Amino acid sequence: MSDSVPESTRQTLDRLYEDPENRLTSLFELAPDDEQVNTQLGVFKALANEHRIRILEALKEGELCACELQVVLDAPQSTVASHLRELKDAGLVKTRRQGKWTYYRIGDTAALQLLEIAHALAEDE
């Protein structure tokens, strides 16, 4: 990996640090593994849609069935189902079956925290 570092970067590290090779090693250790990045990417991709944000906002109030979410989104069943599948795959919602109905709820309080953080960041602008 250290062979992939451009010479100009190596020269800068040589000027900044007494032990540039040690610093280079520590910088490589900072890089997250691909699995961690892909997991986080999946969550953020699931959040990157207006309908999915609206679903999560509605679920903050409690559990809802897909037919109720159709009303919330003013969208057909196929659209709602597609968005719910994305949210479920990302771990943002969980399901419960009761007879022929499937009910959806926030999967973890972390999903609520993500919404709150997004809101807080938007307020800071």
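Located above this text is the structure these notes cover.
Structural notes, computed from the coordinates.

**Details of the overall build of the protein chain**
A tally of regular secondary structure across the protein chain gives 7 helices and 3 strands. Listing the helices and strands of the protein chain from first to last along the sequence gives α-α-α-α-β-α-α-β-β-α. Expected size for 125 residues packed as a compact globule is a radius of gyration near 14 Å; at 22 Å, the protein chain overshoots this value by more than 25%. Considered along the principal axes of its C-alpha atoms, the protein chain spans approximately 65 × 35 × 25 Å. Taken across its 125 residues, the protein chain has 25% of its residues classed as buried. The contacts in the protein chain between residues at least 6 apart in sequence include a share of 44% that link residues at least 24 apart. Approximately 9000 Å² of the protein chain is accessible, and the part contributed by carbon and sulfur atoms is 50%.

**Re the pairing of strand β3 (residues 101-106)**
As paired elements, strand β1 (residues 64-65) and β3 share 2 bridges and run antiparallel to each other. Bridge pairing in β3 links C65 to Y103. Of the strand pairs in this sheet, strand β2 (residues 93-98) and β3 are connected by 6 bridges, and their pairing is antiparallel. Each residue of the ladder has a partner; that of T95, found in β3, is Y104. Between β2 and β3, which follow one another and run antiparallel, lie 2 residues, and G99 among them has a positive phi close to 65°.

**Examining the sheet that holds β2**
Spatially, the 3 strands line up as an open sheet ordered β1-β3-β2, and their pairing is antiparallel. At either margin of the open sheet sits one strand with a lone partner, and together these are β1 and β2.

**Overview of the nonpolar core**
Membership of the largest hydrophobic core comes to 20 residues, with the highest contact counts inside it found for I55, L56, L59, L69, L87 and L92. Elements supplying a minimum of two residues to this core: α3 (34-47), α4 (50-59), α5 (66-73), α6 (77-89), β3 and α7 (109-123). Residues in contact with L59, not counting those within four places in the same chain, are L64, L69, V93, Y104, R105 and I106.

**Topic: the pattern of salt bridges**
Enumeration over the complete set of coordinates arrives at 4 salt bridges. For the salt bridge of E57 with K60, the shortest nitrogen-to-oxygen distance reads 3.0 Å. Residue E57 is classed as partly exposed on the basis of its relative accessible area, which comes to 35%. A residue is classified by how much of its surface remains accessible, and K60, at 41% relative accessible area, is partly exposed. Residue R96 is joined to E63 by a salt bridge in which the shortest nitrogen-to-oxygen separation is 2.5 Å. Here R96, found in strand β2, pairs with E63, found in the loop between α4 and β1; they are 33 residues apart in sequence, far enough to count as distant. R96 gets classed as partly exposed once you look at its relative accessible area, which sits at 31%.

Rules used throughout
- Residues numbered from 1 in each chain as written.
- Predicted model: local features only at pLDDT ≥ 70, side-chain atom pairs only at ≥ 80, totals over all residues.
- Heavy atoms only, no water.
- Helix = DSSP H or I, 4+ residues; strand = E, 2+ residues; numbered from the N terminus.
- Rg over C-alpha atoms; globule rule 2.2 N^0.38 Å.
- Buried < 20%, exposed > 50% of the residue type's maximum accessible area, 1.4 Å probe, protein only.
- Contact = heavy atoms within 4.5 Å.
- Areas by Shrake-Rupley, 256 points an atom, 1.4 Å probe, with all protein chains shown as cover.
- Pairing = 2+ DSSP bridges.
- Core = buried A, V, L, I, M, F, W, Y, C linked by side-chain atoms within 4.5 Å.
- Salt bridge = Lys/Arg side-chain N within 4 Å of Asp/Glu carboxyl O.

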